[in-house]
Amino acid sequence: MQTLPTETAWMKCKVLKGMFSTEYLVVVNDRNDNEYGEMFVDKFLVKLDQEKDLGMDDSVPGRVRVRTTWQKSEGSGLISVMLPASTIQNGRYLEVPENWLTNS
Amino acid sequence: MAVLSNTEIIRALDEGRLVIEPRPEPGPGHDGTPFDSISVDLRLAPEIYVPIDGMNIAFDAGKKIGVGKTLRTVYKTDTIPHGQTKALEPCEFILGRTMETIKLPVVENCLAARIEGRSSLARQGLIVHFTAPTIHTDFSGQITLEMINLGKIPIILTPGMGICQLIVETVVGTPTQARVSQFQNQRTPAG
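All values reported here derive from a predicted model rather than from experimental measurement.

Participant: Provide a residue-level description of the overall build of chain B, including the pertinent values.
Facilitator: Looking only at helices and strands, chain B features four helices and 12 strands. Across chain B, contacts joining residues at least 24 apart in sequence account for 77% of those joining residues at least 6 apart. Accessible area of chain B: about 10100 Å², with a carbon and sulfur share of 54%.

Participant: Tell me about a nonpolar patch on the surface, residues and numbers included.
Facilitator: Residue and element names in this part refer to chain B. Where nonpolar side chains cluster on the molecular surface, the patch consists of Ile52, Met55 and Ile57 and spans about 230 Å² of accessible area. Examined against the element boundaries, Met55 turns out to sit in the loop between β3 (47–51) and α2 (67–71). The class of Met55 is partly exposed, set by a relative accessible area of 34%.

Participant: Can you explain the interface of chain A and chain B? Please cite residues and give values.
Facilitator: Counting from both sides, the interface comprises 36 residues of chain A and, opposite them, 34 residues of chain B. Between chain A and chain B the total buried area reaches about 3100 Å² when both faces are included, carbon and sulfur atoms providing 54% of it. Viewed at the interface, chain B and chain A are joined by seven salt bridges. With a shortest N-O distance of 3.7 Å, A:Glu35 and B:Lys69 are connected by a salt bridge.

Participant: I'd like a description of the pattern of salt bridges, backed by residues and values.
Facilitator: Where side chains of opposite charge bring their charged atoms close, a pairing between them can arise. Tallied over the entire structure, the rule returns 20 salt bridges over all chains. Notably, a salt bridge pairs A:Asp58 with A:Lys52, separated by 3.8 Å at the nearest N-O pair. You can call A:Asp58 partly exposed: its relative accessible area is 22%. Taking the shortest distance from any N to any O, the salt bridge between B:Arg114 and B:Glu116 comes out at 3.1 Å. By relative accessible area, B:Glu116 is classed as partly exposed at 26%. Salt bridges sharing common partners tie together A:Arg65, A:Arg67, A:Arg92 and B:Asp138.

Participant: Account for the pairing of strand β7 (residues 93–97) of chain A, with residues named and values stated.
Facilitator: Residues and elements named next belong to chain A. Counting buried residues along β7, four of its five residues qualify, which places the element largely inside the surrounding structure. Sheet topology note: the strand β6 (residues 78–82)/β7 ladder contains five bridges and is antiparallel. Looking at the pairing, Ser80 lines up with Glu95 of β7.

What counts and what doesn't
- Residues numbered from 1 in each chain as written.
- Chains lettered and ligands numbered in written order.
- Predicted model: local features only at pLDDT ≥ 70, side-chain atom pairs only at ≥ 80, totals over all residues.
- Heavy atoms only, no water.
- Helix = DSSP H or I, 4+ residues; strand = E, 2+ residues; numbered from the N terminus.
- Contact = heavy atoms within 4.5 Å.
- Areas by Shrake-Rupley, 256 points an atom, 1.4 Å probe, with all protein chains shown as cover.
- Patch = residues over 30% accessible without salt bridge, like charges linked within 9 Å, V, L, I, M, F, W, Y side chains within 5 Å.
- Salt bridge = Lys/Arg side-chain N within 4 Å of Asp/Glu carboxyl O.
- Buried < 20%, exposed > 50% of the residue type's maximum accessible area, 1.4 Å probe, protein only.
- Buried area = accessible area lost by both parts, 1.4 Å probe.
- Pairing = 2+ DSSP bridges.

Any functional reading would require information beyond the geometric quantities listed.
Printed below as a string of structure tokens:
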């Protein structure tokens, strides 16, 4: 397997109130936009699309920091990403549409 | 893989291959020095999470649906006030965190780490993690500790006390994400 240098990118996600005050609960989706998994992530790795003091039942769209090589899988238009942590339900790697990612 | 000596841990901090914020320095919480021969002590943060009694639910470990959301509801947050302590009773389980934020960036000669308890506290019956002590390359954040007192007498916890040790290891190669589609439909190791 070719090893390529990874770069930081920001991927769309859903952000909920975490447990500790310095973290969020982040929910990411798979390529079909179905829920892939949940992970607790420190706040500085997450950006909220709207500033909000999250209550237990709140969720807002946001972006979570991932790592990617920006290499598209042949024919699929999908890009592999490495999440900042392993999700509770699945692993740490998934392929997502390129337009889910931004540089900032 | 090799374990870093204290001098190599300091070199890694200087080079940015390991980030610990605030950087460990001798002072309160660190008796003399935070460094042992092959580890560095991390301190207990004031914020803890305590399981709520009497919850009439169960985690389905097989399905894992909504586990993250549920976890937030079966604990209550608490803070050990400055200058005060908390007695961890026999068989009491709480979640805690390190004061320090740890970062293991994906760079050339990158590093991984693991959390271990401190032997002095272990003799008193304190466990600070049950499983998964590994801190992966690319990790960024405070470390969550699963703490339980397996002794027969309470253990007094003070924010800022040395609570665990970080052991840092070299990584062979540079981690990258798995190219999932490359292995899709693979039947044998040969393809």
